[in-house]
Amino acid sequence: MSVSQTPHLFGASTTAAEVIDGVDLHGRRAVVTGASSGIGVETARALAAAGADVTLAVRDTDAGARVVARLEAELPPDSGRLTVGRLDLADRSTIAAFVAAWHGPLHILVGNAGVMALPELTRTPDGREAQFAVNHLGHFALAVGLHPALAAADGARIVSVSSIGHLFSPVVFDDLDYRFRPYDPWTSYGQSKTANVLFAVGAAERWADDGITANALMPGNVGDTALARHMDPQQVADFITSGELALPPQKNVEQGAATSVLLAASPTVEGITGRYFEDCAQSEPVAERAGAVAGVAPYALDRENATRLWARSEALVR
């Protein structure tokens, strides 16, 4: 790969197209979950524009097919091939089917799909709290299932899309599914986003010998996305006030996808693993949530927490 820009030119306003400029991904294969809307579409667009063959792993394959048709009409002729695969992260059978259908190496896995702030306690068919199940356990099962394909790629990258929302809560190991504490949409979301970071830490440690790197990221405050489909604007405003959280400036979807694309494809982060990024740079630690508009909580990068979560997740997806 080659690149025509230097790392210091990347920042909060950088777009996915600017990150991928000059990068050649021909001959590489990528999977992007949740690529039927928002930053998932822009991530798939950027990777395909650089030549990667990209599979859009989505619940609604009709919506995925519409995205493929649109992108094929917009992308240059030498772009990579776009395909659609069905994947419902709350349904283990679709994860198993997706894994079973995959053949050959996988160079890039972007765990982009997610749900946020479900207003009521919702459980998956196997009894797991839905935000933790979709945002973390589904992606965990997918990555573990695709591990042989990632290892065969000789330098694969895993990208775990987390959020500033991880500051809302650590992983509460004694009550992952809200069977004892009152359900709260935001601490549930926060727990799942912390798990996304801890997964990257765990994968970085376990799969380093396979040449696999894994990093997590905060895409930014992106308004044009289906992630917030369960909320109304007043609900968000009330939480920001009561939760002592100050959101960073808003980004468009092209800017929101930039850090995902950086971690998926840019040579500027070659060999970096087990870290948390935002605005196309590694994040600084923060000591508390109040007033934070950026940064990563120490509990989200803690190796002991990552080891504990990995063991629990293995048990839960068996």
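Residues numbered from 1 in each chain as written. Predicted model: local features only at pLDDT ≥ 70, side-chain atom pairs only at ≥ 80, totals over all residues. Heavy atoms only, no water.

- Per an unreviewed UniProt entry, the chain goes by SDR family NAD(P)-dependent oxidoreductase and derives from Actinoallomurus liliacearum.
- As recorded by UniProt, the Sequence similarities (unreviewed entry) comment attached to the chain reads in full: "Belongs to the short-chain dehydrogenases/reductases (SDR) family." (UniProt positions renumbered as here; feature names shortened; annotations may be inferred.)

## A short note on helix α7 (residues 185-206)
Step number 1: In this model, α7 (22 residues) spans 31 Å end to end at C-alpha, consistent with the 32 Å of a helix rising 1.5 Å per residue.
Step number 2: Across the 22 residues of α7, 19 count as buried, placing the element largely inside the fold. (Helix = DSSP H or I, 4+ residues; strand = E, 2+ residues; numbered from the N terminus. Expected span 1.5 Å × (residues − 1). Buried < 20%, exposed > 50% of the residue type's maximum accessible area, 1.4 Å probe, protein only.)

## Side note on the pattern of salt bridges
Side chains that carry opposite charge are capable of pairing whenever their charged atoms lie near each other.
Step number 1: Following the criterion strictly, the structure yields eight salt bridges and no others.
Step number 2: With a shortest N-O distance of 2.6 Å, R45 and E74 are connected by a salt bridge. With R45 in helix α2 (residues 38-49) and E74 in helix α3 (residues 61-74), this pair connects stretches of sequence that are 29 residues apart.
Step number 3: Residue classification places E74 among the partly exposed residues on the basis of a relative accessible area of 44%.
Step number 4: Salt-bridge contacts for R308 lead to D174; the nearest nitrogen and oxygen are separated by 3.8 Å. (Salt bridge = Lys/Arg side-chain N within 4 Å of Asp/Glu carboxyl O.)

## As for the packing of aromatic side chains
Step number 1: Under the counting rule described, the total for this entry stands at seven aromatic pairs.
Step number 2: Residues F168 and W186 carry aromatic rings whose centres are separated by 5.7 Å and whose planes lie at 80 degrees to one another, so their mutual orientation is edge-to-face. Of this pair, F168 sits in the loop between β5 (157-161) and α7 while W186 sits in helix α7, and the two are 18 residues apart along the sequence. Exposure class is identical for F168 and W186. Each is buried.
Step number 3: An aromatic cluster is defined as three or more aromatic residues linked by ring pairs; in this entry it consists of F140, F199, W207 and W310.
Step number 4: Positioned above the aromatic ring of Y178 is the side chain of R181, whose terminal nitrogen or guanidinium carbon lies 3.8 Å from the ring centre. (Phe/Tyr/Trp six-rings, centres within 6.5 Å; stacked < 30°, edge-to-face > 60°. Lys NZ or Arg CZ within 6 Å of the ring centre and 35° of its normal.)

## Topic: the side chain of S163
Step number 1: Position of S163 relative to the elements: it lies in the loop between β5 and α7.
Step number 2: Side-chain polar atoms of S163 contact the side chain of Y189, separated by 3.4 Å.
Step number 3: Residues contacting S163, with those up to four places away along its chain left out, are Y189, K193, L217, M218 and Y276. (Polar contact = N/O pair within 3.5 Å; in protein donor to acceptor, adjacent residues only side chain to side chain. Contact = heavy atoms within 4.5 Å.)

## Considering the pairing of strand β3 (residues 82-86)
Step number 1: As paired elements, strand β2 (residues 53-58) and β3 share five bridges and run parallel to each other. Its bridge partner being in β3, L56 is matched across the sheet by V84.
Step number 2: Read as a crossover between parallel neighbours, the route from β2 over α3 to β3 is right-handed. (Pairing = 2+ DSSP bridges. Right-handed = clockwise from strand over helix to strand, strands pointing away.)

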